[in-house]
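# Notes for the structure review
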Amino acid sequence: MSTGREKTKRLSGLINILVSVNKLTPRYINTIFFLMFRNTPGHIGLLIRYVIFKNLSKSCGNNVSIHPGVFLKGIQNTSIGNNVSIHSMCYLDGTGGLTIRDNVSIAHASTIMTTNHTWNNQDIPIKYNDTTKGPVLVNDDVWVGCGCRILANVSIGTRTIIAAGAVVNKNVENHALVGGIPAKLIKKI
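Residues numbered from 1 in each chain as written. Predicted model: local features only at pLDDT ≥ 70, side-chain atom pairs only at ≥ 80, totals over all residues. Heavy atoms only, no water.

This next bit is on the side chain of serine 57. Tracing the sequence through the fold places serine 57 in the loop between α4 (42-56) and β1 (59-60). A relative accessible area of 10% means that serine 57 is categorised as buried. Side-chain polar atoms of serine 57 contact the backbone oxygen of serine 59, separated by 3.3 Å. Sequence-distant contacts of serine 57, defined by excluding residues within four places in its chain, comprise Ile75, Gln76 and Thr78. (Helix = DSSP H or I, 4+ residues; strand = E, 2+ residues; numbered from the N terminus. Buried < 20%, exposed > 50% of the residue type's maximum accessible area, 1.4 Å probe, protein only. Polar contact = N/O pair within 3.5 Å; in protein donor to acceptor, adjacent residues only side chain to side chain. Contact = heavy atoms within 4.5 Å.)

Here it is, written out as C-alpha cells:
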C-alpha cells in the first residue's frame, strides 16, 4: 500500500495540470466550488479541495490533505507547507494571518483562530464589539491533537505535540508536549 506522499508524487503531473486549469476560474467561483465540495468524500474530494485551495490560498505546498467537513475562513491569508493533513470537523480562521509549515497533522475537531472579540465598548453587547486580528504560526513537525483550540497571536514551536483538548493561548517552545486549559508544558520531547 502506498502512502499519500507517494501517490501525490506519482500524480504530480496531473495535479499540476488541474491546478493550472483551475487558475482560469474566477476567485469568487472557486470560493463557491470550495464550499460545494467541502464534504465530498474520498480521494476525489481531497483532490478537488487541494486544487481549489492551492489557487485560493496565499501559498500551498505539496501533499496537503483537507479532509471532508473542514471549515476554512480567510483562505487568502493562509499559507500551508508540504505534507500537511487537516482532519474532519476542523475550523481554521486565517483572517489575521495563518501559517502552517511542513509535516503538520491537525486532528479532527480542532480550531485555529486568528481573530478575537473585544468587550471594551460597554454601550453595546459584546457580540457587536470590534474584533482584533493576530497571526498564528504552526512550525514544522507539529501534531495538534483532537479537539484543540489555538488562539490568535500564538506561535507553536518545531517538533511539538499539542495534547487532545488543549487550549493554547500563549507561544509554545520547540520540542514540547503541552496540554490542559490553558495549555502548559507537560514535558520536553
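So, next bit.
We now examine a nonpolar patch on the surface. Residues Tyr28, Ile32, Phe33 and Met36 make up a contiguous nonpolar surface patch of roughly 430 Å² in combined accessible area. Mapped onto the secondary structure, tyrosine 28 falls in helix α3 (residues 27-36). A relative accessible area of 58% means that tyrosine 28 is categorised as exposed. (Patch = residues over 30% accessible without salt bridge, like charges linked within 9 Å, V, L, I, M, F, W, Y side chains within 5 Å. Areas by Shrake-Rupley, 256 points an atom, 1.4 Å probe, with all protein chains shown as cover. Salt bridge = Lys/Arg side-chain N within 4 Å of Asp/Glu carboxyl O.)

Bringing the packing of α3 against α4 into the picture now. In contact at an axis separation of 10 Å, α3 and α4 are set at 145° when each is read in the N-to-C sense. Relative to α4, α3 is oriented so that their crossing is left-handed. Contact with α3, carried on its side by Arg27, Asn30, Thr31, Phe33 and Phe34, involves Arg49, Ile52, Phe53, Asn55 and Leu56 of α4 and no other residues of that element. When grouped by side-chain class, the residues that make up the contact of α3 with α4 number five nonpolar, three polar and two charged. (Axes fitted to C-alpha atoms, helices over the stretch in contact; angles between N-to-C directions. Left-handed = near helix turned anticlockwise from the far one by under 90°. Nonpolar A, V, L, I, M, F, W, Y, C, P; charged D, E, K, R; others polar.)

This part covers unusual backbone geometry. Trans is the common state for peptide bonds, and a negative phi is the common state for residues other than glycine. With an omega of -10°, the peptide bond between isoleucine 181 and proline 182 qualifies as cis. As for its placement among the helices and strands, proline 182 is situated in the loop between β18 (176-179) and β19 (184-188). Backbone geometry places methionine 89, a non-glycine residue, at a positive phi of 70°. When you line up the elements, methionine 89 lands in the loop between β5 (84-86) and β6 (91-93). Residue class for methionine 89 comes out exposed when judged on its relative accessible area of 54%.

The next point concerns the pattern of salt bridges. With the rule as written, the count across this model stands at two salt bridges. In this structure, glutamate 173 engages lysine 188 in a salt bridge whose closest nitrogen and oxygen atoms are separated by 2.7 Å. Here lysine 188 lies in strand β19 and glutamate 173 lies in the loop between β17 (167-168) and β18, a separation of 15 residues in the sequence. Residue class for glutamate 173 comes out partly exposed when judged on its relative accessible area of 44%. Residue classification places lysine 188 among the partly exposed residues on the basis of a relative accessible area of 45%.

Once that is clear, we can look at α4. An ideal rise of 1.5 Å per residue puts 21 Å on 15 residues; α4 measures up with 21 Å between its terminal C-alpha atoms. Of the residues making up α4, those classed as buried are Gly45, Arg49, Tyr50, Val51, Ile52, Phe53, Asn55 and Leu56. Buried positions along α4 lie against α2 (12-22), α3, β1, β2 (64-66), β3 (71-73) and β4 (78-80). (Expected span 1.5 Å × (residues − 1).)

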